[in-house]
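Reading the structure
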Amino acid sequence: MQEHAHNTPGTSTYYYPVVGRKSTGAVFDRIPITDMQKNDPYQFSLFILSYSAVQGVRDPSIPFPIPAIEVPAASYFQIAGIHGKPYREYVGDKKPPQEREADYSENSPKDTLPTPSRFGGYCNHGSVTFPTWHRPYVMLIEQVVGNTADRIAANIEKQYPSEVGKWVPEAKKLRFPYWDWADPATNPQGLPAVLYEDTVQILLPGGKNATVQNPISYYTYQGGIPSDFTDVYTASTGLTAYYSKWTRTYRHAPSTPQGGTDIAAVQTAIEGQASHLSSGIGLLFAFPDGMDPAIAYDNFSNETNESRRVEDYFNSGSLEALHGIIHGTIGGNGNMTDPDYAAFDPIFFFHHSNVDRLIALWEWCYPTYWMGNGYVYNGTSYSWTQQRGTFGQVYNEQLLPTGARGNLYPFRNEDGTYWSSEQTRFFDAKAYPKYYSYPEFQGVKVDQDATDAQRAAGRAQIAKYYGFNPQQAATQVDTEAWSHLPVPAPKDAGLPETFQGIQNYRIFVVLVQLPEHAFNSSYHFELHKTSGNQTELIGTTTVFARPDYSPCSACALRREMSSIVRGVITLPPSLVNDIIVNNGTSGGNPTIETTTEAIAQSLSGKLLDASRSLVATAQGGTKAPTVPSDQASPPQIVPSGVTLFTAAVAEKSDDKTYPVQLYDWQKHNELFTSGWKHEVTQAS
């Protein structure tokens, strides 16, 4: 297809290319929304006005023209709808006749009569394309907001000659901001006010200020609630998210048609996840040297891990799993919790801008770890085959980083081809242009090339910043009490002889395996430290799932395959130390087996539904009383496994700043062998 062929707005073959901020001809950094508000008042004001305009909201008190969106494909409703509801072809991706011959047709009974219909949405979750698909998605909202800001800035400088040179340059720099929900310096305080307060103050020409509606707080459906929005009922607790009646988005809403946002509940939920989110991100930057590149990328990129085998004990978690926690934590009984409605909450794109930032940091640190054309196991090659749920991929076809099997629907380039996973990679001068970058972080600038040594130093610093620092933790535990823990020679695990094991120390993680569709919606597993009647939250795994009546075809396929979502929760060294020390004072010679049993006995589990209402509980350890059959949870909702793993830690003897290597992974106890107790009465 030649550039701009079939590309006239309003025609049946029109497409809206995703080019990001190409019109600015330059690369500028995405910055934290709080920094933009504090330090860049012109950019912040332009962003608020533009994000509002894209959502169809214009404040009549603003004394200069706010332009309408350029084309329907640039409206917030259309862009948000790509992620799920209303399951219609994106208006920015119309097709020429040759592409439609074997494609979905909204007028064809063969496509629309089946339930779900043949158009299964654009879902890219539980797949190696989770990171790559969401990159052009955020670029799309960045593009339409930025283009709108350019026009607003031009209007201001035209109307106010004294403002010339103040607004247009700032609009050129504007990129979509992010919220670092894992930052240990700020996330214990919960959501920044700018992400939830209903009004916000902006700068106007002449140095004046104005208070306007905050477009980040919520989105109001323009033109009414879409006809296919349906209420989501949770059978276990009888609570309902009234999407067919709510005229705007909500967070932690009550189970009423009137809706509402409970910001105190949002803050409490986020504050409770702070430590786990930080350490989880830190662990992502502890992937060892020398992994199979495709298997490493599969582990990092998504929560289902197609390459995973039962005997694979390495567990560093995935970015997708951590990202799901934010969805469930912010949403509660509201939009962000449900994949079909999540993107309508304006905070969605701040969340995913940060997810993209973490991807950028990780791929800079690990440039050779990549999906490739598949993976190899025991000498046999396997293709990536996870269903993506697009009308272009009706069947469970092979996934590739380029070519027709690598298309990231519905995101097109200027020449009409689709974005590919390969094009999304990297930000340096050789990368496919994206016109944005991120600020320097812990010595890492993702748009700059680097040596292997610099990349290693960067990942070590990032891991430490987010709280994964076993070298420091090993100096803070009772080494005598930990001395029974095995630390084999690193060379026996295949590491170079320059590595030495950190004695009297291992890391402890819990692998959580949850049936994706156990609750027929999103739900949560929480791991708690139990002491008497008191419990303390350690970490969470969230299943970010759609109900069985959702048209999402990728979700339907995963349901048929009984897909399992994996989450990894790191046990804080201080908590493990308390347990080991107390276990050592109880008499006898401790072993790794008695230690892991003591840890299991100190833990408890909870299952919560999408609204975070308690559904089931379990007590850890082999001595926990068996749950009576008449009190047991239905077997289809209980976890597939909650298992304790440990690993030894090696450091370079001649360079302690080099990233540590985790080795000698060992599988230990299933934590909750005595059953799960149902805590609610099945609603009628």
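In this report, we go over the structure that sits alongside the text.

What counts, and at which threshold
Residues numbered from 1 in each chain as written. Predicted model: local features only at pLDDT ≥ 70, side-chain atom pairs only at ≥ 80, totals over all residues. Heavy atoms only, no water. Helix = DSSP H or I, 4+ residues; strand = E, 2+ residues; numbered from the N terminus. Rg over C-alpha atoms; globule rule 2.2 N^0.38 Å. Buried < 20%, exposed > 50% of the residue type's maximum accessible area, 1.4 Å probe, protein only. Contact = heavy atoms within 4.5 Å. Areas by Shrake-Rupley, 256 points an atom, 1.4 Å probe, with all protein chains shown as cover. Lys, Arg positive; Asp, Glu negative; His and termini not counted. Charge placed at Lys NZ, Arg CZ, Asp CG, Glu CD. Pairing = 2+ DSSP bridges. Axes fitted to C-alpha atoms, helices over the stretch in contact; angles between N-to-C directions. Phe/Tyr/Trp six-rings, centres within 6.5 Å; stacked < 30°, edge-to-face > 60°. Parallel < 35°, antiparallel > 145°, perpendicular 65-115°, else oblique. Left-handed = near helix turned anticlockwise from the far one by under 90°. Core = buried A, V, L, I, M, F, W, Y, C linked by side-chain atoms within 4.5 Å. Expected span 1.5 Å × (residues − 1). Nonpolar A, V, L, I, M, F, W, Y, C, P; charged D, E, K, R; others polar.

**Concerning the overall build of the protein**
- Scanning the protein from N- to C-terminus turns up 17 helices and 20 strands.
- Taking 684 residues into account, the globule formula puts the C-alpha radius of gyration at 26 Å, and the protein, at 25 Å, falls close to it.
- With respect to the three principal axes, the spread of C-alpha positions in the protein is 80 × 60 × 55 Å.
- Every one of the 684 residues in the protein was classed for burial, and the buried ones make up 61%.
- Contacts in the protein between residues far apart in sequence, at least 24 positions, make up 72% of those at least 6 positions apart.
- As displayed, the protein offers around 25600 Å² of accessible surface, 50% of which is attributable to carbon and sulfur atoms.
- With 50 positive and 68 negative side-chain charges, the protein shows a separation of 4 Å between the mean positions of the two kinds.

**Notes on the sheet that holds strand 16 (residues 603-609)**
- Taken in spatial order, the five strands of this open sheet run 14-13-16-17-20, and their pairing is antiparallel. The strands lining the two open edges of the sheet, one partner per strand, are strand 14 (534-543) and strand 20 (677-678).
- Summarising the sheet, strand 16 and strand 17 (residues 614-619) pair through five bridges and their orientation is antiparallel. Of the residues in strand 17, the one forming a bridge with leucine 608 is leucine 614.
- Along the sheet, helix 8 (residues 263-284) contacts strand 13 (523-531) and strand 14; its crossing angle with strand 14, the most-contacted strand, is approximately 70°.

**Some words on the packing of aromatic side chains**
- The final tally for this structure, using the stated rule, is 57 aromatic pairs.
- An angle of 80° between the planes, with centres 5.1 Å apart, marks the rings of tryptophan 419 and tyrosine 432 as edge-to-face. Note that tryptophan 419 is positioned in strand 9 (residues 418-420) and tyrosine 432 in the loop between helix 12 (421-424) and strand 10 (436-437), a separation of 13 residues in sequence.
- Judged by relative accessible area, which is 1%, tryptophan 419 ranks as buried.

**Topic: the packing of helix 16 (residues 573-584) against helix 17 (residues 592-601)**
- Relative to each other, helix 16 and helix 17 sit at 120°, their axes nearing to 10 Å. In terms of their interaxial angle, helix 16 and helix 17 are classed as oblique. Helix 16 and helix 17 meet at a crossing whose hand is right-handed. On helix 17, the residues touching Val576, Ile579, Ile580 and Asn583 of helix 16 are Thr594, Thr595, Ala598 and Ile599.

**Topic: the nonpolar core**
- With 185 residues, the main nonpolar core has Phe47 and Ile141 as its most contacted residues.
- Ranked by residues supplied to this core, first place goes to helix 6 (residues 130-159) with 13 residues.
- Ignoring any residue separated from it by four or fewer positions in sequence, one finds isoleucine 141 in contact with Tyr51, Val54, Tyr76, Ile79, Phe176 and Phe349.
- Among the nonpolar cores identified, the runner-up in size contains eight residues, and Leu495, Ala648, Ala650 and Tyr658 belong to it.

**Here we look at helix 11 (residues 348-365)**
- Its 18 residues give helix 11 an end-to-end C-alpha distance of 26 Å, which sits within 8% of 26 Å, the value for a rise of 1.5 Å per residue.
- Counted residue by residue, helix 11 has 18 buried out of 18 residues, so it is predominantly covered.

**Thoughts on the environment of leucine 514**
- You can see leucine 514 is positioned in strand 12 (residues 507-515).
- Distance in space between the C-alpha atoms of leucine 514 and isoleucine 637 is 8.4 Å, their sequence separation being 123 residues.
- Leave out the neighbours within four places in its chain, and leucine 514 touches Tyr523, Phe525, Thr541, Val543, Ser563, Ile564, Val565, Pro639 and Ser640.

**Overview of helix 17**
- The element helix 17 is largely enclosed, with a buried count of seven among its 10 residues.
- Turning to helix 17, its buried residues number three or more, namely Ile592, Thr595, Thr596, Glu597, Ala598, Ile599 and Ala600.
- Tucked inside the fold, the buried residues of helix 17 contact strand 12, helix 16, strand 16, strand 18 (641-652) and strand 19 (661-670).

**Some details on the pairing of strand 2 (residues 199-203)**
- In this sheet, strand 3 (residues 209-213) lies alongside strand 2 in antiparallel orientation, the contact comprising five bridges. Across the sheet, residue leucine 203 finds its bridge partner in strand 3, namely asparagine 209.
- Here strand 2 hands over to strand 3 after five residues, with glycine 206 in that stretch at a positive phi of 85°.

**Quick notes on the packing of helix 6 against helix 11**
- Across the interface, helix 6 lies against helix 11 with an axial gap of 9 Å and an inter-helix angle of 130°. The angle between helix 6 and helix 11 places the two elements in the oblique class. Between helix 6 and helix 11 lies a crossing whose hand is left-handed. Here Phe130, Pro131, His134, Arg135, Tyr137, Val138 and Ile141 of helix 6 lie close against helix 11, whose contacting residues are Phe348, Phe349, His352, Ser353, Val355, Asp356, Ile359, Ala360 and Glu363.
- The residue inventory of the contact of helix 6 with helix 11, partitioned by class, reads 10 nonpolar, three polar and three charged.

**Remarks on the environment of isoleucine 326**
- When you line up the elements, isoleucine 326 lands in helix 10 (residues 319-331).
- In sequence terms isoleucine 326 and threonine 542 are 216 residues apart; their C-alpha atoms lie 8.6 Å from each other.

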